[in-house]
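# Chain and residue survey
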Amino acid sequence: MSAIAQMIDPVADVEQELTDGFHLVIDALKLNGIDTIYGVPGIPITDLGRMAQAEGIRVVSFRHEQNAGNAAAIAGFLTKKPGICLTVSAPGFLNGLTALANATTNCFPMILISGSSEREIVDLQQGDYEEMDQLAIAKPLCKAAFRVLHAADIGIGVARAIRAAVSGRPGGVYLDLPAKLFSQVMDAEAGAKSLVKVIDAAPAQLPAPSAVKRALDVLKAAKRPLIILGKGAAYSQADEEIRTFVEKSGIPFLPMSMAKGILPDTHPQSAGAARSTVLKDADVVLLVGARLNWLLSHGKGKTWGDAPKKFIQIDIEPKEMDSNVEIVAPLVGDIGSCISALLAGIDGSWQAPSTEWTGAINARKEANIAKMAPKLMKNSAPMDFHSALGALRTVIKERPDAILVNEGANTLDLARGIIDMYEPRKRLDVGTWGVMGIGMGFAVGAAVETGKPVLAVEGDSAFGFSGMEVETICRYNLPVCIVIFNNNGIYRGTDTDPTGRDPGTTVFVKDSRYDKMMEAFGGVGVHVTTPDELKRAVDKAMDSGVPTLINAAIDPAAGSESGNIGSLNPQSVVKKKS
Ligand code: ADP
Ligand code: TPW
Ligand code: MG
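None of these values were measured; they are calculated from a predicted model.

### With respect to the pattern of salt bridges
Applying the stated criterion across every chain, the model contains 30 salt bridges. Close ionic contact of Asp 539 with Arg 399 constitutes a salt bridge, the shortest N to O distance being 3.1 Å. Here Asp 539 is found in helix H23 (residues 531–544), whereas its partner Arg 399 is found in the loop between helix H17 (385–398) and strand E14 (403–407), with 140 residues between them in sequence. Given the relative accessible area of 15%, Asp 539 is considered buried.

Structure follows, in structure tokens:
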């Protein structure tokens, strides 16, 4: 530029480089290693998704936000990084909220990022487009909730969200980004400086030596010890430490559903097939990342027998201790650190549990396994749950690195017991709430995050909650094989309306062809009626990696009400005169 030109316009050569809210959000996520976003586009985040994709982030667009949220949640469980779900304001936000609440309940780290409408209008309730006070609504359903109003605070907002999601007990975090934020402009250099890379997002938390000694003292005095592994143990990825501790101690272990596979279900110390015996008869129980909630009968009552019991509990959340019963030796810390500390105490003086205890467990296991075996081998049509699951059990035995997604009632409870798992974090299911609808979201999330083949074993009702995502599976060409246990309904397909007017409340269209849904989007649909056909179809799907839906005809009379938890159903005591 000439001297004269500069005199006329002195700032012309100092062209200021600018950035905006869109770019800052993307840069903040990338800086923190976030490489995938699950969501549904629309005002005001359509361009955020487009630009994130252009910047190399993988953006997976769903048909419904709940499924995107579930994909993000399971990504969090599988990777220990928060899964990101991106939604539009009000209705999209609400659709994603169930997944956020479910993630928090299950201790999965995820961040729900929602666009929102103009604060000035929302707060005066003047009827903005998709008006809703989203921050206030999200707060009670997640671990932490933040809103960013200034572009210069995006870096801090994203950093706080990440740290809140993964530190301590992991959970869901809500991040509210109002529409106006995205087009706010600031100096690019100042913008870059405002970003924060989260250092040591989930710091190790070491248990106090005195707490470790207390736990070891209780464990050493045990006559009939038991280790219960929960999904916190699977999440911690302390696979080696846990395996070594279990094997060196010789203590039998019982895996909760999503902890199956940390040690193989076929491991000689597994007490999976003797669950009721070990819960009743153990005198000392070491809980590793498992809560004494309804899934463990709150640590008391008939399930746990009459003999006095002592509980040792490893958990990162101090408030979990004594939540249901007294914990005589609380070990607050991360599972890797706690197990390593206990392991140091399994020294020369350690005495493995008596053969009286382990022998009794083995006898019970063998009896239960022998009783089950013939049921799994039947090759009949129509199939019942056992014969169909017998085939799928073999599939997972032959393909232990495949990921099993599972939901339904009978389809869930029986698959959990029958299908042995061999590797950690390969079984993903309805979790703490027993929520239907995680199926396709988890399947997509698992396939995207791991690149491994996914086998989704779905009750016909359960599948319906997220079934439209078969289009997403086909669109992204994911190696997902869905098997629908089609028993024509919820629990069974045999209910009727006593008045004769409508279908029974729990039944669906008889012999529905769910396989045709997959064909509609270019995937493979198969209809099978025998275990042999089922096994062949699954093998073919998994060998090819082509999105496949196998409609497996199950005897409509085979299931029981609410699967294994029928006792939780309230019963009417009033008999109506007819
Ligand atoms: P399950 O349903 O398999 O019994 P829960 O979801 O009830 O398991 O329990 C998981 C527990 O694990 C939660 O209480 C959570 O605080 C804890 N947890 C999660 N991650 C860790 C970790 N890294 N270290 C210690 N505890 C953890
Ligand atoms: C969000 C209640 C629990 S299990 C289930 C429902 C509707 C479906 C069972 O039928 P399915 O399985 O899947 O065909 P099967 O093999 O026994 O026939 N809404 C939500 N979550 C839950 N848990 C329900 C409803 C329920
Ligand atoms: Mg069903």
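### Topic: the domain arrangement of the protein
Each assigned domain of the protein is listed here: domain 1 (5–194), domain 2 (209–361) and domain 3 (378–553). In this structure, domain 1 and domain 3 have C-alpha centres spaced 33 Å apart. Each side of the interface is counted separately: domain 1 has 24 residues, and domain 3 has 25 residues. Between domain 1 and domain 3, roughly 2,100 Å² of surface is buried when both sides are summed, and carbon and sulfur atoms account for 62% of that area. When the area that domain 1 buries against domain 3 is broken down by residue, the three leading residues are Arg 63, Ile 74 and Leu 78, summing to 27%. Taken together, the connections running from domain 1 to domain 3 amount to one salt bridge.

### Brief notes about the environment of Gly 49
Secondary-structure assignment places Gly 49 in helix H3 (residues 46–54). Every residue in contact with Gly 49, bar those within four places of it in the chain, is listed here: Val 59 and Leu 86.

### Quick word on the sheet that holds E14
If you walk across this open sheet you meet the six strands as E15-E14-E16-E17-E19-E18, and the pairing is parallel. Looking at strand neighbours, the two that pair on one side only are strand E15 (427–429) and strand E18 (524–528), the edges of this open sheet. The mean inter-strand angle of the sheet, taken between neighbouring strand axes irrespective of direction, is 15°. In this structure, strand E16 (residues 454–459) lies alongside strand E17 (residues 480–486), joined through six bridges in parallel fashion.

### As for the coordination of the magnesium ion (ligand 3)
For the magnesium ion (ligand 3), the full set of protein donor atoms is Asp 460 (OD), Asn 487 (OD1) and Gly 489 (O), at a range of 2.0 to 2.1 Å. In primary sequence terms, the donor set of the magnesium ion (ligand 3) follows D-x26-N-x1-G. Residue Asp 460 is located in helix H20 (residues 460–464), and its partner Asn 487 is located in the loop between E17 and helix H22 (515–520); the two are separated by 27 residues in the primary sequence. For the pair shown, Asp 460 and Asn 487 are each scored as buried.

### Description of the site of ligand 1
Around ligand 1 sit 19 residues, and of these Arg 169, Lys 231, Arg 291, Asp 315 and Ile 335 come closest. Take Lys 231: an N or O atom from its side chain is 2.7 Å from an oxygen atom of ligand 1. Here a nitrogen atom of ligand 1 and a backbone polar atom of Ile 316 are 3.1 Å apart. In isolation ligand 1 offers 580 Å² of accessible surface; the protein chains occlude 96% of this area. No other element matches helix H12 (residues 231–236), which puts four residues into the shell around ligand 1. Residue composition of the shell around ligand 1, grouped by class: seven nonpolar, seven polar and five charged. The two domains that each donate at least three residues to the shell around ligand 1 are domain 1 (5–194) and domain 2 (209–361).

The rules behind these values
- Residues numbered from 1 in each chain as written.
- Chains lettered and ligands numbered in written order.
- Predicted model: local features only at pLDDT ≥ 70, side-chain atom pairs only at ≥ 80, totals over all residues.
- Heavy atoms only, no water.
- Salt bridge = Lys/Arg side-chain N within 4 Å of Asp/Glu carboxyl O.
- Helix = DSSP H or I, 4+ residues; strand = E, 2+ residues; numbered from the N terminus.
- Buried < 20%, exposed > 50% of the residue type's maximum accessible area, 1.4 Å probe, protein only.
- Domains from an automatic or database assignment.
- Contact = heavy atoms within 4.5 Å.
- Buried area = accessible area lost by both parts, 1.4 Å probe.
- Pairing = 2+ DSSP bridges.
- Axes fitted to C-alpha atoms, helices over the stretch in contact; angles between N-to-C directions.
- Donors = N, O, S within 2.8 Å, 3.2 Å for Na, K, Ca; no water.
- Near = heavy atom within 4 Å.
- Polar contact = N/O pair within 3.5 Å; in protein donor to acceptor, adjacent residues only side chain to side chain.
- Areas by Shrake-Rupley, 256 points an atom, 1.4 Å probe, with all protein chains shown as cover.
- Nonpolar A, V, L, I, M, F, W, Y, C, P; charged D, E, K, R; others polar.

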